[in-house]
Amino acid sequence: MSFLTAPLPRRITKAVKVGSVTVGGGAPIVVQSMTNTDTADIDGTVAQVAALHKAGSELVRITVDRDEAAKAVPRIKERLLRLGVDVPLVGDFHYIGHKLLGENPDCAAALDKYRINPGNVGFKARRDKQFSTLIELAIQHDKPVRIGVNWGSLDEELLTRLMDENSASDAPRSAQMVMHEAIIQSALLSAARAEELGLGADKIILSAKVSQVQDLIAVNTELASRSDYALHLGLTEAGMGTKGIVASSAAMGMVLQQGIGDTIRVSLTPEPNGDRTREVQVAQELLQSMGFRSFIPIVAACPGCGRTTSTVFQELAQDIQNDIRTNMPIWREKYPGVEALNVAVMGCIVNGPGESKHADIGISLPGTGETPAAPVFIDGEKAGTLRGETIAADFHTMVRDYIEKRFG
Ligand code: SF4
């Protein structure tokens, strides 16, 4: 009997340089995010891009929807560089991108990639002209593009033609399958047109965004089988909180497991006044939990059960996790490789020691009725037992000492 213990080999795609970041061609899967500030608000946008980058976003997309926003872009880039934030910026355009980029060459130069939605570049004859202009501007400024098809703004003419052909066929497919085909064809036909206009395949990233998990899996699996363009994955309108996290992880996890996907974005709807960087954290945790990349040490904690009635172990796990998150920007520089660290915080000595032994450093706190002692395991061996009021503080110190010794 054989078990699948790893994702399938990564699909070979064209490598695309987006500023200093490589997407595709076997490069590590890139985490990206998008601001929700008005781009014309330079202070607000600079602050959010910097926060997203600090959280780990390797590309940040900003909306460029009008002249004020386009004029703000070079100033945003300049301010970010002055702050030492060198993250590639992607401009998101709809309908008037050709005009904004043409009239604002500094904006066109400051951006590292242009996102074009073929369903939103205009209608009928104007659409071809506007799409061509955008591609010509990308060629002129030596920038890559993402041809990002979204099921909510699908090319109407293409969809209608495919629906008509389907109705006239002897074996008509479901409307859902025709919609999938329209999304895939919209992406591939637009990419072929961009290449005809002179844009290299190594300047094109494709995405096909839908809002349902099964649609995302079906569309991206098929799209990947028909081309070797780099692929951006993301579930659009994923939703808020756990719903958005679960849906994005389930959908992208299935596609990534097949070796498909070169960059991901988790499109979470933030809570009112919520933290925009949450989407970056979720994207990193998805890639790390699947074994694709390591970003931050993992703190494994048991869920707790009737054997432990105190919240001490939950508080300790949270405390250690927060300490790691806060210190990671410094630790990343100071302790190369620290992101691969595994810490375990367990709630009792029934299963705790076994789990702790599998971590680099782990602790089993006393459960209900157990001796108030907490054995600590380091690299699979018992390294000591903590007791008394200072268990949490002492374990903190042991974790920091371990990091210093192993990665310092
Ligand atoms: S380690 Fe102990 S407290 Fe935690 S879930 Fe397992 S049995 Fe329950």
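Counting from 1, residues in each chain are numbered in the order their sequence is written. This being a predicted model, a pLDDT of at least 70 is required before a residue's local features are given, and a value of 80 or more before pairs of side-chain atoms are given or counted; all residues contribute to the totals for chains, interfaces and linings. To get the side-chain values, all heavy atoms of the structure are used, and hydrogens and water are removed first.

- Looking up the chain in an unreviewed UniProt entry gives the name 4-hydroxy-3-methylbut-2-en-1-yl diphosphate synthase (flavodoxin), with the organism given as Cohaesibacter celericrescens.
- Under Sequence similarities (unreviewed entry), UniProt gives the following word-for-word description of the chain: "Belongs to the IspG family."
- UniProt positions are given in the numbering used here, feature names are shortened, and annotations may be inferred rather than shown by experiment. What the UniProt record of the chain gives under Catalytic activity (unreviewed entry) is the line "(2E)-4-hydroxy-3-methylbut-2-enyl diphosphate + oxidized [flavodoxin] + H2O + 2 H(+) = 2-C-methyl-D-erythritol 2,4-cyclic diphosphate + reduced [flavodoxin]".

Considering the layout of surface pockets
Here's step 1: Of the pockets and cavities examined, the largest pocket occupies roughly 360 Å³.
Here's step 2: Residues are said to line a cavity or pocket when one of their atoms sits within 4 Å of a point; the points come from a 1 Å grid over protein atoms alone, cavities being sets where a 1.4 Å probe fits but cannot get out and pockets being open sets with protein on both sides within 12 Å along at least five of seven lines. Contributing to the lining of the largest pocket are 19 residues, with Gln281, Glu285, Val299, Gln321 and Arg325 lying nearest its centre.
Here's step 3: Strands are runs of DSSP state E lasting at least two residues, helices are runs of H or I lasting at least four, and both sets are numbered from the N terminus onward. Secondary-structure elements contributing two or more residues to the lining of the largest pocket are helix H9 (241–257), helix H10 (278–289), strand E13 (298–301) and helix H11 (312–334).
Here's step 4: Looking at the lining of the largest pocket element by element, the count peaks at seven residues for H10.
Here's step 5: Per-class residue counts for the lining of the largest pocket are nine nonpolar, seven polar and three charged.
Here's step 6: Per the annotation, domain bounds derive from an automatic or database assignment of domains. Here the lining of the largest pocket spans two domains, and each of domain 1 (16–290) and domain 2 (298–407) adds at least three residues to it.
Here's step 7: Grid points are joined across faces, edges and corners, and a volume is the space filled by probe spheres set on the points. Considering only enclosed or pocket space, the second largest pocket measures out at about 320 Å³ in volume.
Here's step 8: Along the wall of the second largest pocket there are 14 residues; nearest its centre are Arg127, Asp128, Asp155, Leu189 and Ser190.
Here's step 9: Residue assignment for the lining of the second largest pocket shows that the elements contributing at least two residues are helix H5 (124–140), helix H6 (156–168) and helix H7 (175–196).
Here's step 10: Residue classes follow a fixed rule: Ala, Val, Leu, Ile, Met, Phe, Trp, Tyr, Cys and Pro count as nonpolar, while Asp, Glu, Lys and Arg count as charged, and any other residue, Gly among them, counts as polar. Among the residues making up the lining of the second largest pocket, the classes are represented as five nonpolar, three polar and six charged.

A word on the pairing of strand E14 (residues 342–346)
Here's step 1: Residue burial is assigned from relative accessible area. The probe radius is 1.4 Å, only protein chains are included, and a residue is buried under 20% of its type maximum, exposed over 50%, and partly exposed in between. Burial runs high along E14: four of the five residues are buried.
Here's step 2: As judged from the four bridges shared by E14 and strand E15 (residues 361–364), these two strands associate in the parallel manner. Directly across from Met346, in E15, lies its bridge partner Ser364.
Here's step 3: Think of it like this: strands point away, you trace from the first strand over the helix to the second, and a clockwise trace means the crossover is right-handed. In this view, the connection linking E14 to its parallel neighbour E15 by way of helix H12 (residues 352–358) has right-handed handedness. Only when DSSP finds a minimum of two bridges between them are two strands counted as paired.

So, the packing of H9 against H10
Two quantities define a packed helix pair, namely the angle between the helix axes and the distance between the axes.
Here's step 1: As a packed pair, H9 and H10 sit with axes 11 Å apart at the nearest point and diverge in direction by 40°. The two elements H9 and H10 meet at a crossing, and its hand is right-handed. Seen from H9, the contacting residues are Ile245, Ser249, Met252, Gly253 and Leu256; seen from H10, they are Arg278, Val282, Leu286 and Leu287.
Here's step 2: Tallied by class, the residues present in the contact of H9 with H10 amount to six nonpolar, two polar and one charged. Fitted lines through C-alpha atoms give the axes, limited to the stretch in contact for helices. The angle between two N-to-C directions lies from 0 to 180 degrees. By definition, any crossing whose near helix is turned counterclockwise from its far helix by less than a right angle is left-handed, and any crossing with a clockwise turn is right-handed. A contact between two residues is defined here by any heavy atoms of the two lying within 4.5 Å.

A few points about the site of the ligand
Here's step 1: Distances are taken per atom, and a residue is near a molecule or strand as soon as one of its heavy atoms is within 4 Å of it. Residues in close proximity to the ligand include Cys302, Gly304, Cys305, Arg307, Thr308, Met346, Gly347, Cys348 and Asn351, which together make up its full environment.
Here's step 2: For the shell around the ligand, the class distribution of residues is four nonpolar, four polar and one charged.

Considering the pattern of salt bridges
Here's step 1: The working definition used for a salt bridge is a side-chain nitrogen of Lys or Arg within 4 Å of a carboxyl oxygen of Asp or Glu. Scanning the model with the defined rule gives 23 salt bridges in all.
Here's step 2: Asp38 is the partner of Arg66 in a salt bridge, and the nearest nitrogen-oxygen pair spans 3.0 Å. In this pair, Arg66 is assigned in the loop between strand E4 (59–63) and helix H2 (67–82) and Asp38 in the loop between strand E3 (30–34) and helix H1 (42–55), connecting sequence segments 28 residues apart.
Here's step 3: Residue Asp38 is classed as partly exposed on the basis of its relative accessible area of 36%.
Here's step 4: Taking the shortest distance from any N to any O, the salt bridge between Asp67 and Lys71 comes out at 3.0 Å. Here Lys71 and Asp67 lie together in helix H2, a separation of four residues that amounts to about one turn.
Here's step 5: Salt bridges here are not isolated pairs; linked through shared partners, they connect Asp38, Asp65, Arg66 and Glu68.

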